[in-house]
Amino acid sequence: LMPRAVDQSNAAHGLFVLRKVLEASKPGECIGVFGLAYKPGTSVIERSFGVDLAGWLLAEGRKVVVWDPIAIPEVRQALGERVTYAENAQDCLNACRVAVLVMPLPELKSVNWKVTGERIVLDCWRFLAPEQTAELENYRPLGRGYSSTGQTLWDLVSHERIRLLTD
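All of the points below concern the structure found in this document. (Residues numbered from 1 in each chain as written. Predicted model: local features only at pLDDT ≥ 70, side-chain atom pairs only at ≥ 80, totals over all residues. Heavy atoms only, no water.)

Take the overall build of the protein next. Along its length, the protein carries 6 helices and 6 strands. Sequence-ordered secondary structure for the protein, helices as α and strands as β, is α-β-α-β-α-β-α-β-β-α-β-α. Per element, the accessible surface of the protein, about 9,200 Å² overall, is 52% carbon and sulfur. (Helix = DSSP H or I, 4+ residues; strand = E, 2+ residues; numbered from the N terminus. Areas by Shrake-Rupley, 256 points an atom, 1.4 Å probe, with all protein chains shown as cover.)

The subject of this paragraph is the sheet that holds strand β1 (residues 30–34). Reading across the sheet, the 6 strands line up as β3-β2-β1-β4-β5-β6 and stay open at both edges, with parallel pairing between neighbours. Each edge of the open sheet is held by one strand with a lone partner, namely β3 (84–85) and β6 (139–141). In this structure, strand β5 (residues 120–123) lies alongside β6, joined through 3 bridges in parallel fashion. Bridging from a neighbouring strand, Leu 122 pairs with Arg 140 of β6. (Pairing = 2+ DSSP bridges.)

Our next topic: unusual backbone geometry. Despite not being glycine, Arg 47 shows a phi value in the positive range, around 60°. The class of Arg 47 is exposed, set by a relative accessible area of 59%. In this structure, Arg 126 takes a positive phi of about 55° despite not being glycine. Within the secondary structure, Arg 126 sits in the loop between β5 and α5 (130–133). Relative accessible area serves as the criterion here: at 33%, Arg 126 is assigned to the partly exposed category. (Buried < 20%, exposed > 50% of the residue type's maximum accessible area, 1.4 Å probe, protein only.)

The periodicity of an α-helix, 3.6 residues per turn, causes residues three or four positions apart to be oriented the same way. Within helix α2 (residues 49–59), burial applies to Gly 50, Val 51, Leu 53, Ala 54 and Leu 57. Relative to the axis of α2, the buried residues are bounded by an arc of 160° and lie together on one face. Sitting at the amino-terminal end of α2 is Ser 48, which places a side-chain oxygen 3.3 Å from the backbone nitrogen of Gly 50. One or two positions beyond α2, positive phi appears at Gly 61, with a value near 85°. (Arc of directions from axis to C-beta. Polar contact = N/O pair within 3.5 Å; in protein donor to acceptor, adjacent residues only side chain to side chain.)

Tallying each qualifying case throughout the model produces 2 aromatic pairs. Ring centres of Phe 49 and Trp 56 lie 5.9 Å apart, and the angle between their planes is 70°; on these two criteria the pair is classed as edge-to-face. Residue classification places Phe 49 among the partly exposed residues on the basis of a relative accessible area of 24%. Sitting over the ring of Tyr 85, Arg 76 keeps its end group 4.1 Å from the ring centre. (Phe/Tyr/Trp six-rings, centres within 6.5 Å; stacked < 30°, edge-to-face > 60°. Lys NZ or Arg CZ within 6 Å of the ring centre and 35° of its normal.)

With that settled, the discussion passes to the pairing of β1. A regular strand carries its side chains on alternate faces of the sheet. Within β1, 5 of the 5 residues are buried, which leaves it mostly tucked inside the rest of the structure. Here β1 shows two buried faces, one formed by Cys 30, Gly 32 and Phe 34 and the other by Ile 31 and Val 33. Sheet analysis places β1 next to strand β2 (residues 63–67), joined by 5 bridges and oriented parallel. In the strand pairing of β2, Val 33 is matched with Val 66. Each parallel crossover has a hand, and the one from β1 via α2 to β2 is right-handed. (Right-handed = clockwise from strand over helix to strand, strands pointing away.)

Below, the structure written as C-alpha cells:
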C-alpha cells in the first residue's frame, strides 16, 4: 500500500511541475532541464524525473536542452537525438527560455545567473542561494527551501555527495 501511495504522490508532483513549465512556456520554445540522474552523484537514470520531464515536454511540443554533470551518456541512450545536450550548465542556461532546476547540483553554484535576463528559472527544490536568486528577474521557486537552522540544501547536498563517493 505504501509504495503505491508514494508512486501516486510522485506522479501528482510530476504533473504539478510539468504544468508549471507548460504555463511558463509556449510550444516551440526551448526548455532547459538541469539534472537528469535519479539522484545527485550518480549516472543512474532509471525512474529519473528529469528524463521523464524531458520526454513529457517533447510530447507537448517544446524543444528541450539538457545538462547533467554525470548522466549524459545514459540519457543519450534513452532520449537519443530528440533533445540537445549542453556541454555545461552555463550553456544549457544560455540556450533555453525556461530553465527547470530539477536536482540540487553543486555545479549550479558556478553558473552566471546575471545573464538570465527575461528567462524564467523554475527551481524545484529552492536550492539556489538568496544571493543567486537576487540576480534573477523571473525566479519561480517550488519545493521546500531553506531550513530553519540556516543550513541550505547546498550544504546538505555537498555532504551527501561526499558520503556517496566515499562509502
